[in-house]
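Analysis of the macromolecular model
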Amino acid sequence: MSPVLRDAVEGDMPAITSLYGTEVEGGTATFETTPPGLEEMTRRLAAVQRHGLPWLIAETDGRFAGYAYASPFRPRPAYRYGVEVSVYVEAHARRRGVGRALLEALIDGTRDRGLRHLIGAISDSATSEASIALHRALGFRDAGVYRQVGWKFERWLDVTLMQLDLDPKGAPPVSPGLDLTGGLA
């Protein structure tokens with residue numbers, strides 16, 4: 001069964017906070033080492049929404065399966081056409097098309113907003129083959145590797161950078177991009 005996608009709402013934050021906390025404590029998809037609480041995660045959702053960017057929820061069989069969002073890539077004005085994408089999938093929903101559906105929806109949502117570049121920063125390159133393969137399958141290209149930039153679980157971790165250019169020919173932008181002070185310009 002295909003996942004059902006929808007915009008995140010505040011009522012989703014307990015499930016989001018739990019999934020992210022599990023990844024903080026036991027995974028390498030994030031370099032945070034202390035799980036943020038519900039209040040902080042709710043603040044993060046509001047920040048993404050203030051920028052007019054997508055934060056999506058996936059459900060399978062009526063059950064929370066994961067989430068994904070786009071956030072401004074960097075705070076400087078010249079970066080206003082790029083976003084970083086983040087995708088988290090519950091263990092029970094992995095390898096069921098949830099991550100792909102979420103990432104495809106982020107690509108479409110970014111394109112619809114007139115933005116141009118999506119950046120994936122995939123932590124722990126050594127054990128993230130599935131995530132790297134998914135990004136490649138959706139058109140992301142390798143952009144580089146930060147080697148041994150994170151220390152977690154008593155080992156060094158790399159970060160693979162991947163980029164999707166929505167207009168690889170480099171035509172001038174058609175929108176003003178993100179207003180990095182809070183919303184779309």
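Description of the structure in this document.

About the cut-offs
Residues numbered from 1 in each chain as written. Predicted model: local features only at pLDDT ≥ 70, side-chain atom pairs only at ≥ 80, totals over all residues. Heavy atoms only, no water. Axes fitted to C-alpha atoms, helices over the stretch in contact; angles between N-to-C directions. Helix = DSSP H or I, 4+ residues; strand = E, 2+ residues; numbered from the N terminus. Parallel < 35°, antiparallel > 145°, perpendicular 65-115°, else oblique. Contact = heavy atoms within 4.5 Å. Nonpolar A, V, L, I, M, F, W, Y, C, P; charged D, E, K, R; others polar. Core = buried A, V, L, I, M, F, W, Y, C linked by side-chain atoms within 4.5 Å. Buried < 20%, exposed > 50% of the residue type's maximum accessible area, 1.4 Å probe, protein only. Salt bridge = Lys/Arg side-chain N within 4 Å of Asp/Glu carboxyl O. 1 Å grid on protein atoms, 1.4 Å probe; cavity = no way out; pocket = protein on both sides within 12 Å on 5 of 7 lines; lining within 4 Å. Points joined across faces, edges and corners; volume = space filled by probe spheres on them. Patch = residues over 30% accessible without salt bridge, like charges linked within 9 Å, V, L, I, M, F, W, Y side chains within 5 Å. Areas by Shrake-Rupley, 256 points an atom, 1.4 Å probe, with all protein chains shown as cover. Expected span 1.5 Å × (residues − 1).

1. Observations concerning the packing of helix α1 (residues 13–26) against helix α2 (residues 38–50)
The interhelical angle for the contact between α1 and α2, taken along N-to-C directions, is 105 degrees, at an axis separation of 9 Å. Overall, the two elements α1 and α2 adopt an arrangement that is roughly perpendicular. In contact with Met13, Pro14, Ile16, Thr17 and Tyr20 of α1, α2 contributes Leu38, Met41, Thr42, Arg44 and Leu45. Within the contact of α1 with α2, the residues separate by chemical class into 7 nonpolar, 2 polar and 1 charged.

2. What to know about the nonpolar core
One finds Ile16, Trp55, Tyr67, Ile107, Leu118 and Phe140 to be the most contacted residues of the largest nonpolar core, which totals 41 residues. It is strand β3 (residues 63–72) that contributes the most residues to this core, 6 residues altogether.

3. Structural notes on the pattern of salt bridges
The full count for this structure, using the stated rule, is 13 salt bridges. Among the charged side chains, a salt-bridge network with shared partners connects Glu32, Glu40, Arg43 and Arg44.

4. A closer look at the layout of surface pockets
Where empty space is left in the structure can be found by rolling a water-sized probe over the atoms. Roughly 1,300 Å³ of volume is contained in the largest pocket. What lines the largest pocket is a set of 43 residues, and nearest its centre among them are Ala29, Ser86, Val87, Tyr88 and Ser131. Those elements that provide at least two residues to the lining of the largest pocket are α1, α2, β3, β4 (82–89), α3 (98–112), β5 (117–123) and α4 (129–137). Of the residues forming the lining of the largest pocket, the biggest block, 6 residues, is contributed by β4. In terms of residue class, the lining of the largest pocket is built from 21 nonpolar, 13 polar and 9 charged.

5. A word on a nonpolar patch on the surface
The grouping of Phe31, Tyr146 and Val149 at the surface amounts to a nonpolar patch, some 270 Å² of accessible area in total. Inspection of the secondary structure assignment puts Tyr146 in strand β6 (residues 141–152). Given a relative accessible area of 41%, Tyr146 falls into the partly exposed group.

6. Comments concerning the side chain of Ser123
Within the secondary structure, Ser123 sits in strand β5. If near-sequence neighbours (up to four positions away) are discounted, Ser123 is found in contact with Thr28, Ala29, Thr30, Phe31, Ser128, Asp158 and Val159.

7. Considerations on α3
Helix length check: α3 (15 residues) gives 21 Å between terminal C-alpha atoms against 21 Å at 1.5 Å per residue, within 8%. Listing the buried residues of α3 in full gives Val98, Gly99, Ala101, Leu102, Leu103, Leu106, Ile107, Gly109 and Thr110.

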